[in-house]
Amino acid sequence: MRLDKFLKVSRLIKRRTVATEACDRGIVSVNGKAAKPSYKLSVGDIIAISFGTRTVRVEVLEISEAVRKEDAATLYRELPSE
């Protein structure tokens, strides 16, 4: 699954266009490297998103095309910041 779509489906970022812009600006990284919106995610990848002074790090646990709002958090596990 594409990175921008995963960010939207998992509800880490509200809209796919916003996720795409965040990737283009270098705010999102996967496994320590800046990632393009088209990056192909795999289970086990570590995503880091910089929100101002705070950085959110998550590990991809599952990839699904569509999930209910209540189940979105099951797609990832939040990791402590470094």
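None of these values were measured; they are calculated from a predicted model.

A few words on the overall build of the chain. Assigned secondary structure in the chain consists of 2 helices and 5 strands. Along the chain, helices and strands appear, N-terminal first, in the series α-α-β-β-β-β-β. The C-alpha atoms of the chain give 11 Å as radius of gyration, which agrees with the globular expectation for 82 residues (12 Å, within 12%). Considering only C-alpha atoms, the chain reaches an extent of 30 × 25 × 20 Å along its principal axes. Counting across all 82 residues of the chain, residues that qualify as buried make up 39%. Residue pairs in contact within the chain that sit at least 24 positions apart in sequence constitute 35% of those at least 6 positions apart. Of the roughly 5,100 Å² of accessible surface on the chain, 49% is carried by carbon and sulfur atoms. Where the 16 positive side-chain charges of the chain centre and where its 11 negative ones centre are 4 Å apart.

Next up on the list: the sheet that holds strand β5 (residues 76–79). A sheet is described by the order of its strands in space; here 5 strands give the open sequence β2-β1-β3-β4-β5, paired in antiparallel fashion. Each having just a single partner strand, β2 (33–34) and β5 make up the two edges of the open sheet. Bridge analysis of strand β1 (residues 28–30) against β2 gives 2 bridges, and the strand direction is antiparallel. Each bridged residue has a counterpart across the sheet, and for S29 the counterpart in β2 is A34.

Bringing the environment of T74 into the picture now. In this fold, T74 is placed in the loop between β4 (54–60) and β5. The partly exposed category is assigned to T74, whose relative accessible area is 46%. For T74, the contacting residues outside a window of four places in its chain are L61 and E62.

The next subject is the pattern of salt bridges. It is possible for side chains bearing opposite charge to pair when their charged atoms get close. This model, assessed by the stated rule, comprises 7 salt bridges. Here D71 and R68 are joined by a salt bridge, their closest N and O atoms 4.0 Å apart. A relative accessible area of 53% means that R68 is categorised as exposed. One salt-bridge network, held together by shared partners, links R2, D4 and R16.

Analysis parameters
- Every chain begins its residue count from 1, and numbering advances along the sequence as written.
- Owing to the predicted nature of the model, reporting of local features is limited to residues with pLDDT of at least 70; listing and counting of side-chain atom pairs is limited to 80 or more, with chain, interface and lining totals taken over all residues.
- Only hydrogens and water are set aside; all other atoms, that is, all heavy atoms of the structure, feed into the side-chain values.
- Here a strand is any run of E in DSSP of at least two residues, a helix any run of H or I of at least four, and the numbering for each starts at the N terminus.
- We take the radius of gyration over the C-alpha atoms and set the globule estimate at 2.2 Å times the residue count to the 0.38 power.
- Type-normalised accessible area, obtained with a 1.4 Å probe on protein chains alone, sets the label of each residue: buried when under 20%, exposed when over 50%, and partly exposed for intermediate values.
- In this analysis, two residues are considered to be in contact whenever any of their non-hydrogen atoms come within 4.5 Å of each other.
- Only the protein chains shown count as covering a residue, and every accessible area follows the Shrake-Rupley method with a 1.4 Å probe.
- Within this scheme the basic residues Lys and Arg register as positive and the acidic residues Asp and Glu register as negative, but His and the chain ends are omitted.
- Lys charges are placed at NZ, Arg charges at CZ, Asp charges at CG and Glu charges at CD.
- Two strands pair if DSSP finds at least two bridges between them.
- Just to be clear on terms, a salt bridge is a Lys or Arg side-chain nitrogen sitting within 4 Å of an Asp or Glu carboxyl oxygen.

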